[in-house]
Amino acid sequence: MNNRRDSMKKVGFIGIGVMGKSMAKHLMDAGFDVSVYTRTPSKADELVNGGATWKDSVQALAQDVDVVITMIGYPKDVEDIYFGTEGLLNSANAHTTFIDMTTSKPSLAVKIEEAAKERGCAALDAPVSGGDVGARNGALTIMVGGDEDVYDACLPLFEVMGSNIQRHGPAGSGQHAKMCNQIAVAASMIGAAEALGYAKQAGLDEQKVLATISSGAGGSWTLNNLAPRMLNGDFEPGFYVKHFIKDMDVALEELESMDHDLPGLRLAKRLYDELALKGEENSGTQAVYKLWQ
């Protein structure tokens, strides 16, 4: 374990989006030697200007780092970037550690870990929660699946990016934990939007109502962080509607192998699908409030 931890000096980061940029910057600020790659090079300009090394391809990045962190969009993107001919698993050196922080399928996390071990490497699934605010503040919740010794070795990396870090079990467990998170978030988003929509219809001052209920029994992270954006008309993405729909699809797909149903999740998914059909797929998840405006 100590040897693995001691070797984690050079970090490759793939996916410089709303959250990824802040996460990579925290690693740089903590003294890690960070290389970056993303499909739109201009998104990495700020990091490169700050000292990160730009790599022209996944292959070039994989061959020059000890740890690769991926933070991208969809399970298909994850599969392509790990299993493609010039992808991570076919390009990285032995003993490389892969950390996929994308919210993806638990079964894909297991597949990545098995393939990594066959190549003398290691892998963790470590999806996050906290949105753009948590990423900027280095206060993400990080849910990890994978071998305990690999988790222990990677903990210094996680502690730079997050404040609530838990290993939940073997490969895939982090993704399952993230599904639990998204199920809870779905309910809280609909609850916040309905509560404020009701306040408006009742002729109340929505800001006063929010101040009242956010500190009572109905209080939640969503009310504290996203409801103010709803009322201020700020629908910029801390987390995209289209990615939230993807996460709910993953959870509902997992349900097919369980003797269980989640009617609340199905309702939230239907409402977010309606929102996307109205052209809001690239808005932040708080845009669901528009259904009640």
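It should be emphasised that the depicted structure is a prediction, and the values quoted were computed from it without experimental measurement. Residue positions within a chain follow its written sequence, with the count starting from 1. Note on the predicted model: pLDDT of at least 70 is required for a residue's local features to be given, and 80 or more for side-chain atom pairs to be given and counted; whole-chain, interface and lining totals, by contrast, use all residues. Based on all heavy atoms of the structure, the side-chain values leave hydrogens and waters out of the count.

Colleague: Can you explain empty space enclosed by the protein? Please cite residues and give values.
Modeller: A cavity here means a set of points on a 1 Å grid, drawn over the protein atoms and nothing else, where a 1.4 Å probe fits but cannot get out; a pocket is an open set with protein on both sides within 12 Å along at least five of seven lines, and a residue lines either one if it has an atom within 4 Å of a point. Grid points are joined across faces, edges and corners, and a volume is the space filled by probe spheres set on the points. Tallied over the entire structure, the rule returns one cavity of 30 Å³ or more. Size it by volume and the largest cavity reaches roughly 80 Å³. Lining of the largest cavity is provided by 13 residues; of these, Asp100, Ala109, Ile112, Leu124 and Asp125 occupy positions nearest its centre. Sorting the residues of the lining of the largest cavity by element identifies helix H7 (106–118) and strand S6 (122–125) as the ones contributing at least two each. The leading source of residues in the lining of the largest cavity is H7, at four residues. Grouping the constituent residues of the lining of the largest cavity by class yields seven nonpolar, two polar and four charged. Each helix is a run of DSSP H or I of at least 4 residues and each strand a run of E of at least 2, with the numbering of both proceeding from the N terminus. The nonpolar class holds Ala, Val, Leu, Ile, Met, Phe, Trp, Tyr, Cys and Pro. Asp, Glu, Lys and Arg form the charged class, and all remaining residues, Gly among them, are polar.

Colleague: Pulling in residues and values, what's your account of the side chain of His243?
Modeller: Here His243 shows up in helix H14 (residues 241–255). It only takes one pair of heavy atoms within 4.5 Å for two residues to be counted as in contact. Excluding residues that lie within four positions of it along the chain, His243 makes contacts with Gly73 and Tyr74.

Colleague: Report on the environment of Val34, specifying residues and quantitative values.
Modeller: Inspection of the secondary structure puts Val34 in strand S2 (residues 33–37). Partly exposed describes any residue whose relative accessible area lies between the buried limit of under 20% and the exposed limit of over 50%, with all areas from a 1.4 Å probe on protein chains only and scaled to the type maximum. For Val34, a relative accessible area of 2% gives the class buried. Val34 sits 18 residues away from Ala52 along the chain, and the two C-alpha atoms are 5.3 Å apart. Not counting the four nearest positions on each side in its chain, Val34 is found in contact with Val11, Ala24, Leu27, Met28, Ala52 and Thr53.

Colleague: Which residues make up the environment of Ser220, and what are the values?
Modeller: Examined against the element boundaries, Ser220 turns out to sit in the loop between helix H11 (206–213) and helix H12 (221–225). Separated by 28 residues in sequence, Ser220 and Ala192 place their C-alpha atoms 8.9 Å apart. The definition of a polar contact used here is a pair of N or O atoms within 3.5 Å, where within protein one atom must be able to donate a hydrogen and the other to accept one, and adjacent residues in sequence count solely through side-chain atom pairs. One polar contact links the side chain of Ser220 to the main-chain amide nitrogen of Leu223, over a distance of 3.1 Å.

Colleague: Can you break down H14 residue by residue, with the values?
Modeller: Since the α-helix advances by 3.6 residues per turn, residues separated by three or four positions end up pointing in the same direction. To estimate how far a helix should reach, multiply one less than its number of residues by 1.5 Å. The first and last C-alpha atoms of H14 sit 21 Å apart over 15 residues, in line with the 21 Å expected at 1.5 Å per residue. Summarising burial for H14: 12 of the 15 residues are buried, a large majority. Within the sequence span of H14, burial applies to Val241, His243, Phe244, Ile245, Lys246, Asp247, Met248, Val250, Ala251, Leu252, Glu254 and Leu255. Contact partners of the buried residues in H14: helix H5 (75–83), H7, helix H10 (173–201) and helix H15 (263–280).

Colleague: Before we move on, could you go through the state of the cysteines and cite the residues and values that matter?
Modeller: By definition, disulfides here are pairs of cysteine sulfur atoms that lie within 2.5 Å. As enumerated under the stated definition, the model contains zero disulfides in all. Cysteine Cys121 is unpaired, with the sulfur of Cys154 as its nearest cysteine sulfur at 12 Å.

Colleague: Provide a residue-level description of the layout of surface pockets, including the pertinent values.
Modeller: In this structure, the largest pocket occupies an estimated 1100 Å³ of space. Met71, Ile72, Phe239, Tyr240 and His243 are the residues nearest the centre of the largest pocket, which is lined by 47 residues in total. Mapped by element, the contributors of at least two residues to the lining of the largest pocket are H5, strand S7 (128–129), helix H8 (131–137), H10, H12 and H14. Considering only residue class, the lining of the largest pocket consists of 20 nonpolar, 18 polar and nine charged.

Colleague: Go over unusual backbone geometry, please, and point to the residues and values.
Modeller: Phi is positive for His95, close to 80 degrees, though the residue is something other than glycine. Mapped onto the elements, His95 comes out in the loop between helix H6 (88–91) and strand S5 (97–100).

Function cannot be inferred from these measures alone, as they are strictly geometric.
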